[in-house]
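Spelled out, the chains give:
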Amino acid sequence: MVNGSGTGRSGANSVQSVDRAVSVLEILAKHGEAGVTEVATELGVHKSTAFRLLGVLEHRGLVEQAGDRGKYRLGVGIVRLAGATAARLDLSQETRPVCEQLAAQLGETVNVAIADHDAAVNVAQVRGSAAVTSHNWVGRRTPLHATSSGKILLAFLPPERLRVALSRPLARFTDNTVTSTKSLREQLVQIRASGCAFSIEELEIGLNAAAAPVRSYDGTVVGAISVSGPSYRLTEQRLDEITGQVVEAGVEASRRMGFN
């Protein structure tokens, strides 16, 4: 009976310690840096307890001391754990609820695309109530410079990769396709600033689209979420009206991928 009671108390203490350790990480995430006294105050514990918790977390690389000022901050171990988690997240699976919500809101087809060398590849699709076509974009490779998703993926490439991508001739698909590297670069600057890209009958006549970036835990753009539909319904004015919803969908998709 005594042993059972002791085990129970030990288990409860262990759970409490884990809970406090997680709280320490949340405190540092919120403040950026905090000293032992600040941590102890927020946890409602003695300074010795806070110091012990910080010591354990520091030993595991989850927190580190910020110079010699007695302050602590999150350590590189957090990045390692986040990276391991993000690597397992499946983009199409994690973004599907966001696609479904956006498609329901707008009634149009929503896609998620990733970059694959010199093309964008759609990995998820949800059709809205107004989408009458049965065309399936999943698995289809589309040109980066002629689609809204592709422009997003181009805009957030590292400079050297972007230079290589734009070193090749830009194919023309319609009269609206941007084939000038200078003009495209100007568009990419605007896209990086606004967080949204458009394609106005640039890949196919009668097809318009808008897209926003999807980021991974470290801020890297790993995909693009887009809304597309017939130009008579998704007019340029209508695209302007839904820009905020598309961008917000990108933010939510990024949150689900671990980006805060």
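Going by the structure above, here's the rest.
This text gives an overview of the structure that appears in the document. The shown structure was predicted, so the numbers you read here are calculated from the model rather than taken from an experiment.

Inspection of the entire model under this criterion finds zero aromatic pairs. For Arg 215, the ring lying beneath its charged end belongs to Phe 156, and the centroid distance is 5.0 Å.

Alignment of strand 1 (residues 34-35) against strand 3 (residues 71-74), held across two bridges, turns out to be antiparallel. In the strand pairing of strand 3, Ala 34 is matched with Tyr 72. As defined by bridge partners, strand 2 (residues 63-65) adjoins strand 3 across three bridges and the pair is classed as antiparallel. Its bridge partner lying in strand 3, Gln 65 is registered against Tyr 72.

Moving on, we get to the pattern of salt bridges. The final tally for this structure, using the stated rule, is 13 salt bridges. As a salt-bridge pair, Arg 96 and Glu 100 come within 3.4 Å of each other at their nearest N and O atoms. Taken together, the residues Arg 96 and Glu 100, both in helix 5 (residues 91-106) and four residues apart, mark about one turn of the helix. Taking relative accessible area as the criterion, Arg 96 reaches 38% and is therefore assigned partly exposed. Classification of Glu 100 as partly exposed rests on a relative accessible area of 40%.

With respect to the helices, strands and loops of the structure, Leu 106 is situated in helix 5. Residue classification places Leu 106 among the buried residues on the basis of a relative accessible area of 10%.

So, about unusual backbone geometry. A positive phi angle is found at Glu 201, which is not glycine, with a value near 50°. Tracing the chain through its elements places Glu 201 in the loop between strand 7 (197-200) and strand 8 (207-215).

One finds Leu 102, Val 110, Ile 225, Val 227 and Ile 242 to be the most contacted residues of the largest nonpolar core, which totals 24 residues. Those elements giving two or more residues to this core turn out to be helix 5, strand 4 (109-116), strand 5 (119-126), strand 8, strand 9 (221-230) and helix 9 (236-256). If one sorts the elements of this core by residue count, helix 5 sits on top with six residues. If sequence neighbours within four positions are ignored, Ile 242 has contacts with Leu 106, Val 227 and Leu 234. Membership of the second largest hydrophobic core comes to 20 residues, among which are Leu 144, Ala 155, Ile 191 and Ala 224.

What follows covers the pairing of strand 9. Of all 10 residues in strand 9, nine are buried; the element is thus mostly enclosed. Relative to strand 9, strand 4 runs antiparallel, the two sharing five bridges. Bridging from a neighbouring strand, Val 110 pairs with Val 227 of strand 9. Of the pairings in the sheet, the one linking strand 8 to strand 9 comprises nine bridges and is antiparallel in character. Of the residues in strand 9, the one forming a bridge with Val 214 is Gly 223. Between strand 8 and strand 9, which follow one another and run antiparallel, lie five residues, and Gly 219 among them has a positive phi close to 90°.

Secondary-structure assignment places Phe 198 in strand 7. You can call Phe 198 partly exposed: its relative accessible area is 26%. Remark: the alpha-carbon pair of Phe 198 and Glu 236, spanning 38 residues in sequence, is separated by 9.1 Å. Ignoring anything within four residues of it in the chain, the contact list for Phe 198 reads Ser 148, Lys 151, Ala 209, Ala 210, Leu 239, Asp 240 and Thr 243.

What follows is about the sheet that holds strand 6 (residues 141-143). Strand pairs in the sheet, formed through backbone hydrogen bonds, run parallel or antiparallel to each other. Taken in spatial order, the six strands of this open sheet run 6-5-4-9-8-7, and their pairing is antiparallel. Every other strand in the sheet has two partners, leaving strand 6 and strand 7 as the edge strands with one partner each. Within this sheet the neighbouring strands show an average axis-to-axis angle of 35°, counted without direction. Judged from the three bridges that link them, strand 5 and strand 6 form a sheet pairing that is antiparallel. Paired with Ala 119 across the bridge in strand 6 is Pro 143. Packed on one face of the sheet, helix 6 (residues 148-155) meets strand 4, strand 5, strand 7, strand 8 and strand 9 and runs near 155° to strand 9.

What counts and what doesn't
Residues numbered from 1 in each chain as written. Predicted model: local features only at pLDDT ≥ 70, side-chain atom pairs only at ≥ 80, totals over all residues. Heavy atoms only, no water. Phe/Tyr/Trp six-rings, centres within 6.5 Å; stacked < 30°, edge-to-face > 60°. Lys NZ or Arg CZ within 6 Å of the ring centre and 35° of its normal. Pairing = 2+ DSSP bridges. Helix = DSSP H or I, 4+ residues; strand = E, 2+ residues; numbered from the N terminus. Salt bridge = Lys/Arg side-chain N within 4 Å of Asp/Glu carboxyl O. Buried < 20%, exposed > 50% of the residue type's maximum accessible area, 1.4 Å probe, protein only. Core = buried A, V, L, I, M, F, W, Y, C linked by side-chain atoms within 4.5 Å. Contact = heavy atoms within 4.5 Å. Axes fitted to C-alpha atoms, helices over the stretch in contact; angles between N-to-C directions.

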